[in-house]
Amino acid sequence: MASILNLPPKTNAGLPRVDGPLKVSGVAMYTSDHNLPGMLYAVPVCATIAKGTIATLDVDRAQAMPGVKAVYHRQNLGKIFRTAPSDGLSAYLDERRPPFDDDVIRYYGQYVAAVVANTYEQAVAAANTVKVTYKAEKLDVRRHLETDDKPTVDSHRGNPDEAFQSAPIKVDEIYVTPTETHNPIELHASVAVWDGQNFTLYETTQAVVNHRDVMAQMLGVPSENVRVISRFLGSGFGGKLWPWTHCMIAASAARNLNRPVKLVVTRDMMFQNVGHRPRTQQRIRVGSTPDGKLVSLIHDSLNHTSILDDYSEGCSEATAYSYSTPNLRATSGIVRRNVGTPTSMRGPGAVPGLFALESAIDELAVKLNMDPIKLRLLNEPEKDEGKNLPFSSRHFVECLNTGAEKFGWSRRTPQVGSMKKDGLILGWGVAGCSWIAERMATAASVDLHADGTARVSCATQDIGTGTYTVLAQIVSEKTGIPLEKIEVVLGDTALPPGPISGGSWATASVIPAVVDAIEKAQQTLFMAASQGKDPAFAGQKPEAMAFTNGRIHLKDKSPDTGVLYEQILTDANIRGASGQGKSEGTFGDPNSKHSKHSFGAQFAEVTWEPETARLRVSRVVTVIDAGRILNPKPARNQIEGAVVMGVGMALFEETVYDPRFGAPINNNLADYIVTTNADSPEIDVTFLDYPDMVLNSLGARGVGEIGLAGIAAAIASATYHATGVRVRELPIRIEDLLVRA
Ligand code: MOS
C-alpha cells in the first residue's frame, strides 16, 4: 500500500489532537468524573506495617460514624476469586492476590479494610477510626539485591566467560536503577455500578478488554456481565495497564450495597498499591579487542519484586541484539522485598537495561580512547544475533550519524572537562536505544453514514498518546470524509475487542484493523450501488467498483464520474454501511521470522558548575527509527515527553522506602521529584521515517516508549565527560559529583 498520508511525511507537521478541545474545555469525562445517583464513596484503610499479621481489626467506631454504610474487611467483603493461569496477556494482572485474602501483611499500605459512606469526607473520617493492631515481623526493604536462586538465562551464545577472561580490554561494573513510581496526574480510580446482574465499571485502565476479563473472573460472573469503560485517561505510563486491588473492593462493595461506589486511590496510596518500576541491579561485563571489536558481553540483572508475585523487569530485553559479538550471556533474577508488586513502567526492561548496557559501552570507549559513536558503528550487527533472525527494519547507524550531525558531535573534545561555554563546563554524551515492535490481535468497526458522517470504534483506549486522532485521520484519508465529521469511539468493552494501550503497539495494532473495516464498509457500499437504481451502476457487479474520495465509481472510469456514497445510501434508505475489520497479533509468536524493534540515538549535553555543584541537562538531540510516522505532531510529543521523563530518571526520580517501617516516604509530588518545565532541556526530535513493512501494511511501529530508552545513559555519560565522575547508580545526585567539585 502506498503512503496513507497525502503529504510527504517529512513536510507534514501533523494533525492536532481531535480530543484536545474536549480536554481543555473540561467536557472529557475521566473516570472519577462519573457521579451517579445514589453513589457512595469507598476509602481504603492501609496497613501501617510492612510485614506481619493483623492481630485485631476494630471497626465498631467506624461503623457508627455518620453516613457510614459499611466497613469491609476479610470477613465480609464477599468472595473474590483469583484469575485462572493463562499464557500471555489474557486476563492478566501483576498483583494476583485478591484484596483482604488473608491476614498477612506483606507490604506497607496493603489494604486491610475499606469504609463506604455517603460522602468522601465521611468515609475518610471513618477510615481514620478503624483500629488495627498487628503482630509485626522484621521487614526487608534492603536496597542491595542478592539471591542464591539460579538466574534465568535470557540469551546465550558462544563462550562468554572464557572470552571475557581473555579479552584484552574489559569493563566489569554494576549499574543500579532505583524504584520509580509512575506519577500520572490522573489518580487511579474505580466507579463501580451493579444492577443486580451486570457490572458497569468506569476504570482508569490502559486495557479495557483485559480489565473486563480479570474482573469477571475475580468477581465470579460471566464476562458478558461486565462492561468496562475508560473514555479518557490522564495517562498511566504502564501503571494502569492491569487491574489493582482497589478495583475489586469497589466492585464488590457496589454489589454488596446495590449502590454505585466510587473509589479514588490517593497519591500516597499510589506509591504503595498500584505498582512501580522495581529497583534493578545489573552487572555488565564487556570485553573487546584493542581496536574495539566486542568479544564478550555478559549482562546479569536482578530486580526486586513483592513477596507473592514474580515480577521480572526483563532488563536484558535489548542486550542480545544491540551489538555484534560472538559470545554473550544475559540472565535475570528476582529478589523478594516487602514492597507492593512492581509493574510495567514506560519501556519496562529495556529502559533500565539500556542504562546499564549503554553506560558500559561508553566506559569501554573511554578505556579504548575511542569515540563512543565509532565504537558502536564498529559493532553494528547485521542481524539479531540473539535470535539469529534478520531485523524487520533497523537504521541504528543512520540514527547515530544523523544525530551526530544535528548535535555537532564532531566538535566534541573527549578530555574530561575540556569543553566550556559561558563559564560553564559542558559534557556531551551519547547512547543507543531500542524498543520492541509488536501487534496484538484487534477488531474494529467502521460505519459510513448516509448523512456524510462516519464512526470508527474499537475497544482500545487513548491514554493521551493520540489514538483518537490517528484513527480519525486514517478514516479521513481513506474515505475523503472530513475529520470533523468522524466520530471515534474508544474505551468501552461493548465495542469490538482491541489491544492494550501498552508496549507502544496500540497504533500498529489498531490501524490495520481499521483499514480492513473501511474496505469492508466500502464493499457494502458497492453492493448497495449494484442493487440500487442509479443508472451509472445498472447491471454492474460490486467487483467492478472503486471508492475514491467519497465517490463510488466504476474501476475503469474516472472518480468524478462516480456518485457520492451518501447518495447511494440515501437512495436505498440505508442509514449506514458498516465494516467489521480485524488484524492478527504478532506478540509472542514463536515462529516470527524477523526481529522487530524500533531504534534510536540519544545525544545529551549537560552544563556543570563545579563551584556550586550544579548540573543541568541543557540540550537533547534524539533521532528515532520507529517505522512510518503516521501523525508527526503527537509522535514528536511522545518523544519529547519521554525525554523529559528521562531527565527525571537520570537526575531526580527515586521512591525511597523507610528501612524501619517499609513505607515509601517520599509519597507525594513535593518529595518525589519529577522533571519540571524549568528542568527540561531544549529537545530536537528527528524521525527517520522508514516504513517497517514486516510489522504491518502501513509500516508503522510505535513511539510511546522508545524515547525514554537511552536518555539516562546519555546523560550519565555526558556527566562523566563534564565532571570525570562516572555515576552508575541513578539518580545522579549532587553528592555523587562533590567528589571532584
Ligand atoms: Mo507501557 S509500560 O507498556 O504502558
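In case you missed it, the structure is sitting above this.
Structural notes, computed from the coordinates. Owing to the predicted nature of the structure, the values given are computational and were not obtained by experimental measurement. Along each chain, numbering runs from 1 in the same order as the chain's sequence is written. Residues qualify for local features only when their pLDDT is at least 70, as the model is predicted, and side-chain atom pairs are given and counted only at 80 or more; totals for whole chains, interfaces and linings, by contrast, use all residues. Side-chain measures here rest on the full set of heavy atoms in the structure, leaving out hydrogens and waters.

## What to know about the overall build of the protein chain
Helix and strand content of the protein chain: 17 helices and 27 strands. Atoms counted for the radius of gyration: C-alpha only. Globule rule: 2.2 Å times the number of residues to the power 0.38. Compactness check: the protein chain gives a C-alpha radius of gyration of 27 Å against a globular reference of 27 Å for 741 residues, within 12% of the reference. Burial statistics for the protein chain: of 741 residues in total, 61% are counted as buried. Only carbon and sulfur atoms are counted for the fraction: they give 51% of the accessible area of the protein chain, which is about 28,300 Å². Numbering goes from the N terminus for both helices and strands, where a helix is a DSSP run of H or I of at least four residues and a strand is a run of E of at least two. Here the term buried applies to any residue with accessible area under 20% of the maximum for its type, exposed to any over 50%, and partly exposed to those in between, with areas from a 1.4 Å probe on protein chains only. Surface exposure here means Shrake-Rupley accessible area, sampled with a 1.4 Å probe, where a residue is shielded only by the protein chains that are shown.

## Quick word on the nonpolar core
Counting residues in hydrophobic clusters, the biggest one holds 138 residues, and the most contacted among them are Phe 603, Ile 715 and Ile 732. No other element matches the eleven residues that helix H9 (residues 350-368) contributes to this core. Excluding anything up to four places from it in sequence, Ile 732 contacts Leu 615, Ala 650, Leu 651, Ile 715, Ala 716, Thr 719, Val 727 and Leu 737. We define the nonpolar core as a collection of buried residues of types Ala, Val, Leu, Ile, Met, Phe, Trp, Tyr and Cys that are connected through side-chain atoms lying within 4.5 Å of one another. Only heavy atoms matter for contacts: two residues are in contact if any of them lie within 4.5 Å across the pair.

## Here we look at the sheet that holds strand S16 (residues 419-421)
Strand order in the open sheet formed by five strands is S16-S17-S25-S26-S27, with mixed pairing between adjacent strands. Only two strands of the sheet have a single partner each, and these edge strands are S16 and strand S27 (682-687). Between one strand and the next, the sheet's axes are offset by a mean angle of 30 degrees, whatever the strand orientation. One requirement defines pairing of two strands: DSSP has to find at least two bridges between them. By the bridge criterion, eleven bridges tie strand S25 (residues 597-609) to strand S26 (residues 614-625) in an arrangement that is antiparallel. Bridging across to S26, Gly 600 finds its partner in Ile 624. Axis definition: a line fitted to C-alpha atoms, limited for helices to the stretch in contact. Angles are taken between N-to-C directions and run from 0 to 180 degrees. Along the sheet, helix H15 (residues 632-651) contacts S26 and S27; its crossing angle with S27, the most-contacted strand, is approximately 130 degrees.

## Regarding the pattern of salt bridges
Note on pairing: side chains with opposite charge can pair once their charged atoms come close. Between Lys or Arg on one side and Asp or Glu on the other, a salt bridge is scored when a side-chain nitrogen of the former is within 4 Å of a carboxyl oxygen of the latter. All chains considered together, the criterion is met by 39 salt bridges. Note that Arg 394 and Glu 380 form a salt bridge whose closest N and O atoms lie 2.7 Å from each other. With a gap of 14 residues between them, Arg 394 in the loop between helix H10 (372-378) and helix H11 (396-407) and Glu 380 in the loop between H10 and H11 connect regions that are remote in the sequence. Of the residues examined, Arg 394 reaches a relative accessible area of 13% and is grouped as buried. Looking at Glu 380, the relative accessible area reads 22%, which means it is partly exposed.

## Some points on the environment of Val 104
Take Val 104: it is sitting in strand S4 (residues 104-105). The exposure class of Val 104 is partly exposed, given its relative accessible area of 29%. Taking C-alpha positions, Val 104 is 57 Å from Ala 577, a pair spaced 473 residues apart along the chain.

## Brief notes about the side chain of Asp 19
Here Asp 19 shows up in the segment before helix H1 (20-24). For Asp 19, a relative accessible area of 3% gives the class buried.

## A few points about the pairing of strand S2 (residues 52-58)
Consecutive side chains along a regular strand alternate between the two faces of the sheet. Note that S2 and S4 share two bridges and pair antiparallel. Within S4, the residue paired with Gly 52 across the bridge is Ile 105. Direction of pairing for S2 relative to strand S6 (residues 131-136): antiparallel, over a ladder of six bridges. Counted as the bridge partner of Thr 56 is Thr 133 from S6.

## Remarks on the side chain of Glu 438
Locating Glu 438 in the fold gives a position in the loop between strand S17 (424-436) and strand S18 (442-449). Here Glu 438 falls in the buried class, since its relative accessible area comes to 14%. Polar contact criterion, stated in full: a pair of N or O atoms within 3.5 Å, where within protein one must be able to donate a hydrogen and the other to accept it, and residues adjacent in sequence count only if both atoms are side-chain atoms. A distance of 2.6 Å separates a polar atom in the side chain of Glu 438 from a polar atom in the side chain of Thr 586. Glu 438 has contacts with Trp 505, Ala 508, Ser 509, Thr 586, Phe 587, Lys 596 and Leu 695, leaving out every residue within four places of it along the chain.

## Things to note about unusual backbone geometry
Between Leu 730 and the following residue, Pro 731, the backbone shows a cis peptide bond with an omega angle of -5 degrees. One non-glycine residue, Asp 422, lies in positive phi territory at about 50 degrees. With respect to the helices and strands, the residue Asp 422 is situated in the loop between S16 and S17. Classification of Asp 422 by relative accessible area gives exposed; the value is 71%. For Asn 573, which is not glycine, the phi torsion reads 55 degrees and is therefore positive. Take Asn 573: it is sitting in the loop between helix H14 (565-572) and strand S24 (576-583). With a relative accessible area of 71%, Asn 573 lands in the exposed category.

## Regarding the sheet that holds strand S19 (residues 454-458)
Through backbone hydrogen bonds, the strands of a sheet pair up, either in parallel or in antiparallel fashion. Pairing within the open sheet is mixed, and its four strands lie in the order S20-S19-S18-S24. In this open sheet, the two strands that pair with only one neighbour each are strand S20 (486-490) and S24. Across this sheet, the average inter-strand angle for adjacent strands is 15 degrees, counted without regard to direction. Pairing of S18 with S24, which is carried by eight bridges, proceeds in the antiparallel orientation. Among the inter-strand pairings, Ser 445 is bridged to a residue of S24, identified as Gln 580. Contacting S18 and S24, H14 runs over the sheet at an angle of about 75 degrees to S18.

## Quick word on the packing of aromatic side chains
Classification of ring pairs uses Phe, Tyr and Trp, with its six-membered ring standing for Trp, and accepts pairs whose centres are within 6.5 Å; under 30 degrees between planes counts as stacked, over 60 as edge-to-face, and the remaining range as tilted. Inspection of the entire model under this criterion finds 15 aromatic pairs. Aromatic pair Tyr 321 and Phe 599: ring centres 6.3 Å apart, planes at 85 degrees, arrangement edge-to-face. With a gap of 278 residues between them, Tyr 321 in helix H8 (residues 319-322) and Phe 599 in strand S25 connect regions that are remote in the sequence. Comparing Tyr 321 with Phe 599, the two get one shared label, buried. Through a chain of ring-to-ring contacts, the aromatic side chains of Phe 407, Trp 409, Trp 428 and Phe 603 assemble into a single cluster.

## Remarks on the environment of Gly 429
Structurally, Gly 429 is set in strand S17. Exposure remark for Gly 429: the relative accessible area of 1% places this residue in the buried category. The sequence separation of Gly 429 and Ile 624 amounts to 195 residues, and the corresponding C-alpha distance is 17 Å.

## Some points on the packing of H9 against helix H16 (residues 711-723)
Contact geometry for H9 and H16: axes closest at 8 Å, N-to-C directions at 30 degrees. Between H9 and H16 the crossing geometry is right-handed. Across from Leu 354, Phe 355, Glu 358, Ser 359, Asp 362 and Val 366 in H9, the residues of H16 making contact are Ala 712, Ala 713, Ala 716, Ser 717 and Tyr 720. For any pair of crossing helices, the crossing counts as left-handed if the nearer helix is rotated counterclockwise from the farther one by less than a right angle, and right-handed if it is rotated clockwise.

## Concerning the environment of Gly 38
Counting through the fold element by element, Gly 38 comes out in the loop between H1 and strand S1 (40-46). For Gly 38 and Asn 273, which are 235 residues apart along the polypeptide, the C-alpha to C-alpha distance reads 27 Å. Each residue touching Gly 38, except ones within four places of it in the same chain, is listed here: Arg 259 and Pro 260.

## Observations regarding the packing of helix H12 (residues 467-479) against helix H13 (residues 506-531)
One can describe the packing of H12 onto H13 by two numbers: an axis separation of 10 Å at closest approach and a directional angle of 35 degrees. Seen from above, H12 lies across H13 with right-handed handedness. Of the residues in H13, those touching H12 at Val 470, Leu 471, Ile 474, Val 475, Lys 478 and Thr 479 are Thr 507, Val 510, Ile 511, Val 514, Val 515, Ile 518, Glu 519 and Gln 522. Class assignment of the residues belonging to the contact of H12 with H13 gives a composition of nine nonpolar, three polar and two charged. Three categories are distinguished: nonpolar for Ala, Val, Leu, Ile, Met, Phe, Trp, Tyr, Cys and Pro, charged for Asp, Glu, Lys and Arg, and polar for the others, with Gly belonging to the last.

## A word on helix H6 (residues 245-257)
One turn of an α-helix holds 3.6 residues; hence residues three or four places apart share an orientation. Under the 1.5 Å per step criterion, the end-to-end length of H6 is 19 Å for 13 residues, consistent within 8% with the ideal 18 Å. Most of H6 sits inside the fold, with ten of its 13 residues counted as buried. Thr 245, His 246, Cys 247, Met 248, Ile 249, Ala 250, Ala 251, Ser 252, Ala 253 and Ala 254 are the residues of H6 that are buried. Packed against the buried residues of H6 are strand S3 (68-72), strand S5 (111-117), strand S9 (189-194), strand S10 (199-203), helix H5 (208-219) and strand S12 (261-264). Just past H6, the residue Asn 258 takes up positive phi, approximately 55 degrees. By definition here, a helix of n residues has an expected span of 1.5 Å times n minus one.

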